[in-house]
Protein chains: 2
Amino acid sequence: MNIGVFDSGFGGLTVLRALLEQLPAANYTYLGDTARLPYGAKSQATVARYAVSSARFLVEEGAEYLVIACNTASALALDAIRDAVRVPVLGVIETGANAAFATTKSKDVLVIATAATVESHAYSGACAERGLRAYEKACPLLVPLVEEGWIDHPVTEEVLRIYLAELLTASAERNLDPDTLVLGCTHYPLLRANIERAVPASIRVIDSADVTAAQVASAIPHLKVEMWSTQNSGIQGSRLFYATDSVTKFCRLGAKFLGQRIDQVTLVDLGG
Amino acid sequence: MNIGVFDSGFGGLTVLRALLEQLPAANYTYLGDTARLPYGAKSQATVARYAVSSARFLVEEGAEYLVIACNTASALALDAIRDAVRVPVLGVIETGANAAFATTKSKDVLVIATAATVESHAYSGACAERGLRAYEKACPLLVPLVEEGWIDHPVTEEVLRIYLAELLTASAERNLDPDTLVLGCTHYPLLRANIERAVPASIRVIDSADVTAAQVASAIPHLKVEMWSTQNSGIQGSRLFYATDSVTKFCRLGAKFLGQRIDQVTLVDLGG
């Protein structure tokens, strides 16, 4: 079984990390569209064009199941990707909404994400389908702060304080009683501890990486069995990494998100 | 005379603004490659590919003279652009180094720019050719802060304080005695007042927009004559704007950089 994992850059490696823990026996092909990132401030048409070409590449490379690990691509391009390829496609908006549904008691949910994800209101829609109310806020500075490496940094603390205060004020004005905050961008799990410190203790912070991996596992039951046997035997599947820009940068920055070394990345040209 | 002005996005509009003041009679065609921005964290190969396709587009649209208003593209792709088109091409690294040469007395110059521009050491090279020593520092958070609109904001003041303190410390360790700071990214002029407050009064802050416009004017002498006659008559040339992503966003964000309304932008697909 070959699982293709797609992200605009490095953030999707947090989803791959969860997949490797839960399904180590599968073969993985990861693509980071680093030449065209970030997607988060671009239009629906452009994001869909980039995501479709990326998804097609993964299927041509043998992926039998696609995980769209990029929230922006999941929000803006999931239908376009499903129209373009003939394999099952799972997006992280859906799995994030599932995680929120499983967590919230008040049925009121907060979401922080990129500008493009928020403007699409994909999370609001997915939450509404599950009987939840969601309030979404764009936090455009968080991705650059993570990429600058300012994780435990006073500037990042202050930016989070400002964004989260605005989020909580706006949600209170709408008479919401949120108990759950969804990290709607795969860069944000690297700031999880900072975010948990910045919100009231009554609010649980969730990211979709673990629940995405669990949903893949349940969608492919035979793989789960295989997983247990290989976890015992220590055998693991292959991991192939592709990027559309500098492979040295991918190795260096990607390791932070994956939580382990990345030794080999292949450069691929998707046009542009 | 049709002058093509190219930038990865909106920043080059600060250069166009200076050109409109100094050469209002010329016709201008501006391209912002907004679908593929930012260039500042990408590799030389990718930036060159994007910049060459953009330059070719402007020449096909009738540009007889190209101003590469993007520091990253000027630093990484000027030779590739000159090889690809048959019109004169001016880059802002060269004009920025000229401005530094005209300003500095100590012959020691500081440069702040994107990561890609700094890693290319294009400013150091251009300064060395003029007998100047330059120390360059990447400031990756400044572009996102400008695009978030946090111009007069405590977080931006703090980020500048950190970056500029690191810059001054590193230049002192190298026994430099800088009296000039070059803004090596076209977003930074929007933070000029903040930057001037954050450095010692002995350091003059310069950006290449005015000197670039002056250099274009001197390269095209007949246009300068024409300029005076039309400034008197009030006649001005045409201004055409193209972008590779959302035209509504280009109008909204671009106006901040150009200092005037942008009413019409045409979407263009350069592939990718």
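Since we're looking at a predicted model, the values are computed, not measured. Positions within a chain are numbered from 1, following the residues in the order the chain's sequence is written. To label them, take the chains in the order written and letter them from A, then take the ligands in the order written and number them from 1. Residues qualify for local features only when their pLDDT is at least 70, as the model is predicted, and side-chain atom pairs are given and counted only at 80 or more; totals for whole chains, interfaces and linings, by contrast, use all residues. The side-chain quantities take in all heavy atoms of the structure and omit both hydrogens and water.

Undergrad: Even after reading the chapter, I still don't get the packing of helix H3 (residues 71–84) of chain B against helix H4 (residues 92–103) of chain B, so can you show me in this structure?
TA: A pair of packed helices is captured by two measures, namely the crossing angle of their axes and the spacing between those axes. Residues and elements named next belong to chain B. Relative to each other, H3 and H4 sit at 120 degrees, their axes nearing to 8 Å. As the angle between them shows, H3 and H4 are arranged oblique. Contacts from Asn 71, Ser 74, Ala 75 and Arg 82 in H3 reach Val 92, Ile 93 and Glu 94 in H4. For this classification, the nonpolar set comprises Ala, Val, Leu, Ile, Met, Phe, Trp, Tyr, Cys and Pro, the charged set comprises Asp, Glu, Lys and Arg, and every other residue, Gly included, is treated as polar. When its residues are assigned to classes, the contact of H3 with H4 shows three nonpolar, two polar and two charged. Fitted lines through C-alpha atoms serve as axes, helices being fitted only where they are in contact, and the angles separating the N-to-C directions of these axes extend from 0 to 180 degrees. Strands are runs of DSSP state E lasting at least 2 residues, helices are runs of H or I lasting at least 4, and numbering of each runs from the N terminus. Relative orientations are named as follows: roughly parallel for angles under 35 degrees, roughly antiparallel for angles over 145 degrees, roughly perpendicular for angles from 65 to 115 degrees, and oblique for any other angle. Residue contacts follow a heavy-atom distance rule, with two residues in contact if any of their heavy atoms lie within 4.5 Å.

Undergrad: Is there a simple way to think about the packing of aromatic side chains in this case?
TA: Geometry of an aromatic ring pair is reported as the spacing of the ring centres plus the angle between the planes. Under the pairing criterion, centres of Phe, Tyr and Trp rings, with the six-membered ring standing for Trp, must be within 6.5 Å; the plane angle then separates stacked pairs below 30 degrees from edge-to-face pairs above 60, leaving the rest tilted. Overall, the coordinates contain 18 aromatic pairs over all chains when judged by the stated rule. Between Phe 10 of chain A and Phe 250 of chain A the ring centres are 5.4 Å apart and the planes differ by 40 degrees, which places this aromatic pair in the tilted class. One end of the pair, Phe 10 of chain A, is in the loop between strand S1 (2–7) and helix H1 (13–22); the other, Phe 250 of chain A, is in helix H12 (residues 247–258), and 240 residues separate them in sequence. When sorted by exposure, Phe 10 of chain A lands in the same class as Phe 250 of chain A, which is buried. Geometrically, the ring pair formed by Phe 6 of chain B and Tyr 39 of chain B is tilted, given 6.2 Å between the ring centres and 45 degrees between the ring planes. With Phe 6 of chain B in strand S1 (residues 2–7) and Tyr 39 of chain B in the loop between strand S2 (27–32) and helix H2 (44–60), this residue pair connects regions lying 33 residues apart in the sequence. We note that Phe 6 of chain B, like Tyr 39 of chain B, is buried. Through a chain of ring-to-ring contacts, the aromatic side chains of Phe 10, Tyr 30, Phe 241, Phe 250 and Phe 257 of chain A assemble into a single cluster. Between buried and exposed lies partly exposed: a residue is buried under 20% and exposed over 50% of the maximum accessible area for its type, with that area taken using a 1.4 Å probe on protein chains only.

Undergrad: What exactly am I supposed to notice about the UniProt feature "binding site: substrate" (unreviewed entry) in chain A here?
TA: All names here are of chain A. Residues given the UniProt feature "binding site: substrate" (unreviewed entry) here are Asp 7, Ser 8, Tyr 39, Gly 40, Asn 71, Thr 72, Thr 186 and His 187. Spatially, the listed residues are clustered: although they cover 181 residues, their C-alpha atoms lie within 12.6 Å of one another. Structurally, the position occupied by Ser 8 is in the loop between S1 and H1. Ignoring sequence-local partners within four residues, the contact set of Ser 8 consists of Gly 32, Asp 33, Thr 34, Leu 37, Tyr 39 and Cys 70. When its relative accessible area of 1% is taken as the criterion, Tyr 39 is described as buried. Other than its neighbours up to four places away in sequence, Tyr 39 contacts Phe 6, Ser 8, Asp 33, Val 47, Tyr 50, Ala 51, Ser 54, Cys 70, Thr 72, Ala 73 and Ala 116. UniProt positions are given in the numbering used here, feature names are shortened, and annotations may be inferred rather than shown by experiment.

Undergrad: So what exactly am I meant to see when it comes to the interface of chain A and chain B here?
TA: Many structure descriptions define interface size as the accessible area lost when the parts assemble. Counting residues at the interface gives 30 residues for chain A, matched by 30 residues for chain B. Two parts placed together each lose some accessible area under a 1.4 Å probe, and adding up what both lose gives the buried area. Counting the surface lost from both chain A and chain B, the interface buries some 2,400 Å², and carbon and sulfur atoms represent 56% of this. Salt bridge, as used here: a side-chain nitrogen of Lys or Arg that lies within 4 Å of a carboxyl oxygen of Asp or Glu. Our count for the contact surface shared by chain A and chain B stands at two salt bridges. Two residues, Asp 269 of chain B and Arg 49 of chain A, come together in a salt bridge whose shortest N-O distance is 3.3 Å. Of all the secondary-structure elements, those providing two or more residues to the side of chain A that touches chain B are helix H2 (44–60), helix H7 (142–148) and helix H8 (154–173) of chain A.

Undergrad: I'm lost on the sheet that holds S1 of chain A in this one. Help?
TA: Strand pairing in a sheet relies on backbone hydrogen bonds, with the paired strands running either antiparallel or parallel. Residue and element names in this part refer to chain A. For two strands to pair, DSSP has to find at least two bridges joining them. An order of S4-S3-S1-S2-S9-S10 is seen for the six strands of this open sheet, with the pairing classed as parallel. A single partner strand is all that each edge strand has here, and the edge strands are strand S4 (89–91) and strand S10 (266–267). Pairing of S1 with strand S3 (residues 65–68) involves four bridges; the strand directions are parallel. For Ile 3, the partnering residue across the bridge sits in S3 and is Tyr 65.

Undergrad: In this structure, what is going on with the pairing of strand S8 (residues 204–207) of chain A? I would like to understand it.
TA: In summary, the side chains of a regular strand alternate between the two faces of the sheet. All names here are of chain A. The pairing of strand S7 (residues 180–184) with S8 spans four bridges and is parallel. Looking across to S8, one finds that Val 182 is bridged to Ile 206. By convention, orient the strands away from the viewer: a clockwise path from the first strand over the helix to the second makes the crossover right-handed. Crossover connection from S7 via helix H9 (residues 192–198) to parallel S8: handedness right-handed.

Undergrad: What am I meant to see in the relation of the copies chain A and chain B here?
TA: Two copies of the chain are present, and they differ by a rotation about an axis and a shift along that axis. We place the copies in one frame by least squares, fitting the C-alpha atoms of every residue whose pLDDT is at least 70 in both. The two copies are related by a screw operation: chain A maps onto chain B through 180 degrees of rotation and 0.0 Å of translation along the axis, at an RMSD of 0.0 Å. Such a combination of turn and shift is consistent with a two-fold rotation axis. Looking at chain A, 100% of its interface residues are interface residues in chain B too, so the copies touch through the same face.

Undergrad: In this structure, what is going on with the domain arrangement of chain A? I would like to understand it.
TA: All names here are of chain A. Note that the domain bounds were set by an automatic or database domain assignment. Examined at the domain level, chain A breaks down into domain 1 (2–91 + 210–267) and domain 2 (94–207). The straight-line distance from the C-alpha centre of domain 1 to that of domain 2 is 22 Å. Contacts between the two partners involve 24 residues from domain 1 and, on the opposite side, 21 residues from domain 2. Both sides together, the interface formed by domain 1 and domain 2 hides about 1,600 Å², and carbon and sulfur atoms give 55% of it. When the area that domain 1 buries against domain 2 is broken down by residue, the three leading residues are Asn 71, Val 211 and Phe 257, summing to 29%.

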